[in-house]
2 protein chains.
Amino acid sequence: MSVLSLLRESLGALVATDAASLEEARADRSGHAATGRPLAVVHAERVEHVQQVMRIATATRTPVVVRGAGTGLAGAANAGTGEIVLSLRRMTAIHEIRPDDLLAVVEPGILNADLNTELADHGLWWPPDPASRDISTVGGNIATGAGGLLCAKYGVVRDAVLGVDLVLADGRLLHLGHRSVKGVTGLDLTALVVGSEGTLGVVVGATLKLRRLVPGETCTVTATFPGVRAAAAASAAVTAAGVQPAIMELMDAASLAAVHALLDLPAPTPGAAQLTIQTDGPAARSEADAIAAILQAHDGVTVVSHDREEGERLLAIRRSMHPAMASLGTTLIEDVSVPRSAMPAMFDEIARIEREYGIPIPTVAHAGDGNLHPNFVFEGTETPPHVWAAADELFRAAIRLGGTLTGEHGIGVLKRRWLADELGDDQWQLQRQIAAVFDPLGILNPGKVFSPDA
Amino acid sequence: MSVLSLLRESLGALVATDAASLEEARADRSGHAATGRPLAVVHAERVEHVQQVMRIATATRTPVVVRGAGTGLAGAANAGTGEIVLSLRRMTAIHEIRPDDLLAVVEPGILNADLNTELADHGLWWPPDPASRDISTVGGNIATGAGGLLCAKYGVVRDAVLGVDLVLADGRLLHLGHRSVKGVTGLDLTALVVGSEGTLGVVVGATLKLRRLVPGETCTVTATFPGVRAAAAASAAVTAAGVQPAIMELMDAASLAAVHALLDLPAPTPGAAQLTIQTDGPAARSEADAIAAILQAHDGVTVVSHDREEGERLLAIRRSMHPAMASLGTTLIEDVSVPRSAMPAMFDEIARIEREYGIPIPTVAHAGDGNLHPNFVFEGTETPPHVWAAADELFRAAIRLGGTLTGEHGIGVLKRRWLADELGDDQWQLQRQIAAVFDPLGILNPGKVFSPDA
């Protein structure tokens with residue numbers, strides 16, 4: 001019996017093979033698409049459905065690509081010829097919300113924003129805050145080890161997950177991690193699964209570590225600088241001074257111009273770069289004042305707002321960056337991350353690469369944690385060779401500065417060719433061997449992350 | 001040539017075989033000792049020494065037990081017949097302290113307390129705060145995934161390590177992790193190494209995530225309750241109310257009595273249990289007041305102090321628990337951890353086990369995170385069967401309540417026989433296979449954690 005027949009026999013109407021479903025599963029928000037069309041999209045609604053798919057996949061040696069909302073930016077969930085797409089988007093249940101234990105137990109398909117709407121009724125929130133929070137799933141956040149705007153103060157996804165339920169390649173279900181704050185029984189497989197991009201198993205449930213909603217006001221400081229290097233130096237000075245913003249976002253001149261055009265706002269001063277900083281918690285106001293003083297000392301034209309809605313309006317400019325870039329063409333969004341003190345030097349490297357390759361590289365940064373998103377915009381669906389060459393320079397510069405290829409988007413297909421450069425061959429081989437323990441047949445997201453050929 | 005000759009030829013005076021050195025390496029602070037004496041203790045002073053030892057061990061298939069200060073409580077660093085002890089206690093260098101990037105790069109043998117003394121000059125600290133902080137090493141903290149008193153507010157060791165340098169069983173050196181806040185290149189092997197108890201490799205360096213020293217005053221709230229269950233319910237109420245103490249420690253009547261006797265303090269009220277709570281940061285005073293109100297509402301006799309030294313004096317009572325127990329006999333310190341709402345129920349279980357087995361189980365708890373340390377005290381060096389039977393009941397109760405065998409001490413030899421009960425056979429086998437990827441010959445701390453026989 002064919003794989004498709006086996007899936008249909010076992011899962012019936014959950015199996016979609018219409019052209020639109022198959023086509024949609026080829027690409028993510030990176031704009032890049034897999035070669036060919038997948039075999040089918042299975043819309044799992046329960047853990048058992050996931051197990052059934054994996055048993056069939058194991059029996060027939062068929063590759064499986066797990067998919068949430070498809071908002072990834074590294075091509076990690078793109079599915080091509082002969083692959084089964086296992087969509088978890090319908091698994092959206094919240095099984096438990098425990099204000100007394102500060103945890104929630106959820107299914108992977110729920111959107112961050114929807115979860116946080118529910119949690120807010122209990123005075124709680126789950127901190128991971130990627131720019132895609134309104135459209136990305138908790139499971140996708142876990143699979144990529146997502147970051148976002150709040151990480152310097154409130155941590156990354158790894159810090160916000162206590163346990164995961166994982167279906168293995170052969171269909172067995174494991175419960176990893178704990179419901180308690182502490183727990184050191186054996187190896188920390190929960191942390192290993194976070195950021196593993198669908199290569200170790202299928203996350204079918206998660207026990208999330210929650211926080212109380214932060215009481216008090218939120219203050220927003222914006223500052224405009226004559227150029228991006230001055231803005232980067234000012235943001236590094238904020239970190240070095242010991243104040244802890246909740247959010248510290250940097251936009252260069254090209255990014256600002258693109259977003260202002262998209263939102264029909266008046267054009268910004270040519271060449272000017274901007275920092276948008278938020279403080280929260282009991283010391284919000286004094287921290288905002290301290291930050292404003294630092295920015296002014298760095299020649300930033302600085303405005304402080306104590307109005308939460310005004311703050312959201314100011315941040316909406318930053319959150320519109322990805323649509324603004326997408327409106328200009330196909331975008332390769334890079335994601336290098338460097339120690340915070342190295343941010344000015346990283347912007348120097350970007351300026352150098354812009355000059356050498358004769359292309360603009362509009363860049364925004366989560367300046368509070370040193371994570372930069374340089375954008376390459378081009379026509380068509382294939383990244384041109386000179387863009388890859390410029391990106392290659394970018395990666396090498398980040399690694400030279402003590403940084404990394406990817407702070408929060410992951411490796412997927414778009415960065416697999418550089419993974420061994422950063423890890424070194426010994427570690428790269430070790431990681432592959434660990435993945436093979438979970439997936440001895442190599443059916444989980446093959447060609448992604450650890451694929452040697454690019 | 002014998003293993004010892006190879007070690008001496010390669011490492012000369014770093015190799016100790018005197019009776020005192022060998023005897024000391026047989027035991028940790030659990031009071032339990034390995035069978036027989038190890039072959040030698042190698043006092044590594046540089047990474048190359050560690051690599052030399054591992055190459056010899058691999059070539060000769062000799063087991064290696066890595067050791068820091070020997071303050072562990074699960075027997076994980078106890079070395080017996082035929083084993084090489086690889087001591088990292090002399091590797092105490094601090095290579096970098098970076099206030100601008102909030103990180104430090106250190107060698108594993110430095111004591112937490114010594115590191116924090118150095119960091120304080122830069123206005124920084126490394127949060128892991130086990131009760132042993134004055135005598136335990138950073139490397140030991142990483143190997144066990146240590147916890148301590150501050151975890152609910154400031155996290156566990158896994159949250160405070162950005163990267164580790166790891167020497168593999170065959171002597172190769174890997175650099176795992178990042179210097180940046182974010183980084184998702186491949187699998188998170190740094191997190192996998194944290195808490196791996198010497199089974200995956202030798203941690204020869206660490207990049208630590210630091211915090212700024214918390215400004216402002218520290219407030220201390222103490223409250224006395226008629227019994228331990230009332231104290232546990234009050235502490236759970238503090239967590240459920242949404243205030244976040246830095247420290248929340250609970251001591252039952254037997255613990256209080258033992259510590260008061262050790263410190264020559266007046267005997268406490270019979271049967272009374274105590275909570276000692278500290279708040280810090282900008283809201284320290286208002287949080288202390290809110291906590292005091294909750295404790296009073298739970299019939300606690302409550303005192304608030306705003307004096308930092310008085311607070312340290314009050315906490316010294318809690319920090320004297322281990323010496324107080326040790327003064328009574330050999331101690332088996334258990335380490336179960338449960339969701340915070342389950343703490344009162346866990347104390348009910350402890351009371352039941354005390355009744356059923358006719359033994360006292362003096363218990364302290366890191367009540368802010370649900371981590372309990374029930375103590376069994378006995379004569380001699382071998383844990384008597386009825387104590388193991390009582391401990392077995394304790395573990396099963398903790399797991400039933402959604403908790404875990406060990407919150408922060410690890411599995412070592414003392415809990416290996418229960419590991420598969422908590423993980424399930426499938427996960428236990430998977431963990432063993434992952435360890436075998438790192439250590440295919442099984443020479444790294446054999447008999448610990450994953451050993452099937454107990």
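Since we're looking at a predicted model, the values are computed, not measured.

Trainee: Help me understand the overall build of chain A, please; the structure alone is not making it clear to me.
Mentor: Helix and strand counts for chain A come out as 16 helices and 18 strands. Against the compact-globule benchmark of 22 Å for 454 residues, chain A has a radius of gyration of 22 Å, which places it among compact chains. Taken along the three principal axes of its C-alpha coordinates, chain A extends 70 × 55 × 45 Å. When the 454 residues of chain A are sorted by exposure, 61% land in the buried category. Across chain A, the fraction of contacts at a sequence separation of at least 24, relative to all contacts at a separation of at least 6, is 73%.

Trainee: Mind showing me how you'd approach the relation of the copies chain B and chain A here?
Mentor: Put simply, the second copy of the chain is the first one after a rotation about an axis and a shift along it. The transformation that overlays chain B on chain A combines an axial shift of 0.0 Å with a rotation of 180°, and the residual RMSD is 0.0 Å. Here the transformation between the copies is reduced to the relation of a two-fold axis. Most of the interface of chain B is mirrored in chain A, where 100% of its interface residues are also at the interface.

Trainee: Even after reading the chapter, I still don't get the environment of Ile277 of chain A, so can you show me in this structure?
Mentor: Residues and elements named next belong to chain A. With respect to the element layout, Ile277 can be found in strand E14 (residues 273–279). A residue is classified by how much of its surface remains accessible, and Ile277, at 0% relative accessible area, is buried. For Ile277, the residues in contact, after removing those within four places along its chain, are Cys219, Thr220, Val221, Pro245, Ile247, Met248, Ile291 and Leu295.

Trainee: Teacher, can you tell me more about the sheet that holds strand E3 (residues 64–67) of chain B here?
Mentor: Strand pairing in a sheet takes place through backbone hydrogen bonds and is either antiparallel or parallel in direction. Residues and elements named next belong to chain B. Ordered by their spatial adjacency, 4 strands build an open sheet running E1-E2-E4-E3, and the pairing between neighbours is mixed. The open sheet has two free edges, formed respectively by strand E1 (15–16) and E3, since each of these has just one partner strand. Judged from the 4 bridges that link them, strand E2 (residues 40–43) and strand E4 (residues 84–87) form a sheet pairing that is parallel. Bridge pairing in E4 places Val42 opposite Leu86. The sheet strands contacting helix H3 (residues 47–60) are E2, E3 and E4, and the helix crosses E4 at an angle near 165°.

Trainee: Even after reading the chapter, I still don't get helix H10 (residues 284–297) of chain A, so can you show me in this structure?
Mentor: An α-helical segment advances 3.6 residues per turn. Residues three or four places apart therefore align on the same side. Residues and elements named next belong to chain A. Here H10 contains 14 residues, and its C-alpha end-to-end distance of 20 Å stays within 8% of the 20 Å for a straight helix at 1.5 Å per residue. Taken together, the buried positions of H10 are occupied by Ala284, Glu287, Ala288, Ile291, Ala292, Ile294 and Leu295. An end-on view of H10 places all buried positions within 165° of arc, on one side of the element. Residues of H10 that are buried sit in contact with helix H6 (151–154), strand E12 (219–225), helix H8 (228–241), E14 and strand E15 (301–305). Positioned one or two residues after H10, Asp299 has a phi angle of 65°, which is positive.

Trainee: For this particular structure, what's the right way to read the pattern of salt bridges?
Mentor: When their charged atoms lie close together, side chains carrying opposite charge are able to pair. Scanning the model with the defined rule gives 54 salt bridges over all chains in all. One salt bridge in this structure joins Glu96 of chain A and Arg98 of chain A, with 3.9 Å as the shortest N-O distance. For Glu96 of chain A, a relative accessible area of 24% translates into the label partly exposed. For Arg98 of chain A, a relative accessible area of 26% translates into the label partly exposed. Between Lys182 of chain A and Asp369 of chain B there is a salt bridge whose closest N-O contact spans 3.2 Å. Of the two residues, Lys182 of chain A sits in the loop between strand E9 (173–177) and helix H7 (189–193) while Asp369 of chain B sits in the loop between strand E17 (363–366) and strand E18 (371–378), which places them in two different chains. The pair Lys182 of chain A / Asp369 of chain B is uniform in exposure class, with both members buried. Where salt bridges share partners, they join Glu96, Arg98, Asp100, Asp101 and Arg179 of chain A into one cluster.

Trainee: For this particular structure, what's the right way to read the interface of chain B and chain A?
Mentor: A common way to express how large an interface is: the accessible area buried when the components associate. The interface of chain B with chain A comprises 73 residues on the first partner and 73 residues on the second. On the chain B side of the contact with chain A, Lys182, Val184 and Leu187 of chain B bury the most area, a combined 15% of that side's loss. Between the two partners, chain B and chain A, sit 8 salt bridges. Linking chain B with chain A are 33 residue pairs in polar contact (both at pLDDT 80 or more), by the criterion used here. If you list the elements that add at least two residues to the side of chain B that touches chain A, you get strand E9 (173–177), helix H7 (189–193), helix H8 (228–241), helix H15 (416–423) and helix H16 (425–438) of chain B. By residue number, the principal contributor to the side of chain B that touches chain A is H16 of chain B, which donates 8 residues.

Trainee: So what exactly am I meant to see when it comes to the side chain of Arg416 of chain A here?
Mentor: All names here are of chain A. Here Arg416 shows up in helix H15 (residues 416–423). Residue classification places Arg416 among the buried residues on the basis of a relative accessible area of 18%. Within polar-contact distance, the side chain of Arg416 engages the backbone oxygen of Gly447 at 2.5 Å.

Trainee: Which parts of the structure should I look at to understand the packing of aromatic side chains?
Mentor: How two aromatic rings sit relative to each other is set out by the distance from centre to centre and by the angle between their planes. Taken as a whole, this structure holds 6 aromatic pairs over all chains when the rule is applied. Between Phe395 of chain A and Trp418 of chain A, the ring centres sit 4.8 Å apart and the planes meet at 70°, which makes this aromatic pair edge-to-face. With Phe395 of chain A in helix H14 (residues 385–400) and Trp418 of chain A in helix H15, the pair connects residues that are 23 residues apart, well separated along the chain. Measuring from centroid to centroid gives 5.3 Å for Trp388 of chain B and Trp418 of chain B, while their planes differ by 40°, and the two rings are tilted. Of this pair, Trp388 of chain B sits in helix H14 (residues 385–400) while Trp418 of chain B sits in helix H15; the two residues are 30 residues apart in sequence, bridging distant segments of the chain.

Trainee: What exactly am I supposed to notice about the pairing of strand E13 (residues 247–251) of chain A here?
Mentor: Strand residues, when the strand is regular, have side chains that alternate between the two faces of the sheet. Residue and element names in this part refer to chain A. Among the 5 residues that make up E13, 5 are buried, leaving the element largely enclosed by the rest of the structure. Of the two faces of E13, both are covered, the one formed by Ile247, Glu249 and Met251 as well as the one formed by Met248 and Leu250. Strand direction decides the pairing type here: E13 and E14, joined by 5 bridges, are antiparallel. Directly across from Met251, in E14, lies its bridge partner Gln274.

Trainee: Is there a simple way to think about the environment of Thr276 of chain A in this case?
Mentor: All names here are of chain A. Inspection of the secondary structure assignment puts Thr276 in strand E14. Residues Thr276 and Thr224 lie 52 residues apart in sequence; the distance between their C-alpha atoms is 9.0 Å. Filtering out sequence-adjacent residues up to four positions away, Thr276 remains in contact with Thr220, Val221, Thr222, Ile247, Met248, Glu249, Leu314 and Leu315.

Trainee: Sorry if this is basic, but what is going on with a negative patch on the surface here?
Mentor: Judged by side-chain charge, Asp114, Glu118, Asp121 and Asp134 of chain A come together as a negatively charged surface patch. Given the relative accessible area of 39%, Glu118 of chain A is considered partly exposed.

Trainee: Explanation requested: the packing of helix H1 (residues 3–11) of chain A against helix H3 (residues 47–60) of chain A in the structure shown.
Mentor: Residues and elements named next belong to chain A. Close contact between H1 and H3 brings their axes to 10 Å; oriented N to C, the two are set at 155°. When the axis of H1 is compared with that of H3, the two are roughly antiparallel. Note that H1 runs across H3; the crossing there is right-handed. Counted together, Val3, Leu6, Leu7, Ser10 and Leu11 of H1 and His49, Gln52, Val53, Ile56 and Thr60 of H3 form the full contact between these two elements. Its residues assigned to classes, the contact of H1 with H3 shows 6 nonpolar, 4 polar and no charged.

Trainee: What exactly am I supposed to notice about the sheet that holds strand E3 (residues 64–67) of chain A here?
Mentor: All names here are of chain A. With mixed pairing, the 4 strands of this open sheet are ordered in space as E1-E2-E4-E3. The open sheet terminates on both sides in strands that have one partner only, identified here as strand E1 (15–16) and E3. Here E1 runs beside strand E2 (residues 40–43); their pairing, made up of 2 bridges, is antiparallel. Looking at E2, one finds that Ala16 is bridged to Val41.

Trainee: Quick question: what am I supposed to make of unusual backbone geometry here?
Mentor: Residues apart from glycine generally show negative phi values, whereas peptide bonds are mostly found in trans. Residue and element names in this part refer to chain A. Of note, the phi angle at Val449 is positive, near 60°, even though the residue is not glycine. Tracing the chain through its elements places Val449 in the segment after helix H16 (425–438). The exposure class assigned to Val449 is buried, which follows from its relative accessible area of 3%.

Trainee: I tried to follow the side chain of Thr331 of chain B on my own but got confused; where do I start?
Mentor: All names here are of chain B. Tracing the sequence through the fold places Thr331 in strand E16 (residues 330–333). At a separation of 3.4 Å, a polar atom in the side chain of Thr331 contacts the main-chain carbonyl oxygen of Gly329. If we skip the residues at most four places from it in the chain, Thr331 touches Ser30, His32, Met325, Ala326, Asn375, Phe376, Val377 and Phe378.

Conventions adopted
- Residues numbered from 1 in each chain as written.
- Chains lettered and ligands numbered in written order.
- Predicted model: local features only at pLDDT ≥ 70, side-chain atom pairs only at ≥ 80, totals over all residues.
- Heavy atoms only, no water.
- Helix = DSSP H or I, 4+ residues; strand = E, 2+ residues; numbered from the N terminus.
- Rg over C-alpha atoms; globule rule 2.2 N^0.38 Å.
- Buried < 20%, exposed > 50% of the residue type's maximum accessible area, 1.4 Å probe, protein only.
- Contact = heavy atoms within 4.5 Å.
- Least-squares fit on C-alpha atoms with pLDDT ≥ 70 in both.
- Pairing = 2+ DSSP bridges.
- Axes fitted to C-alpha atoms, helices over the stretch in contact; angles between N-to-C directions.
- Expected span 1.5 Å × (residues − 1).
- Arc of directions from axis to C-beta.
- Salt bridge = Lys/Arg side-chain N within 4 Å of Asp/Glu carboxyl O.
- Buried area = accessible area lost by both parts, 1.4 Å probe.
- Polar contact = N/O pair within 3.5 Å; in protein donor to acceptor, adjacent residues only side chain to side chain.
- Phe/Tyr/Trp six-rings, centres within 6.5 Å; stacked < 30°, edge-to-face > 60°.
- Patch = residues over 30% accessible without salt bridge, like charges linked within 9 Å, V, L, I, M, F, W, Y side chains within 5 Å.
- Areas by Shrake-Rupley, 256 points an atom, 1.4 Å probe, with all protein chains shown as cover.
- Lys, Arg positive; Asp, Glu negative; His and termini not counted.
- Charge placed at Lys NZ, Arg CZ, Asp CG, Glu CD.
- Parallel < 35°, antiparallel > 145°, perpendicular 65-115°, else oblique.
- Left-handed = near helix turned anticlockwise from the far one by under 90°.
- Nonpolar A, V, L, I, M, F, W, Y, C, P; charged D, E, K, R; others polar.

Read these as geometric descriptors, not functional statements.
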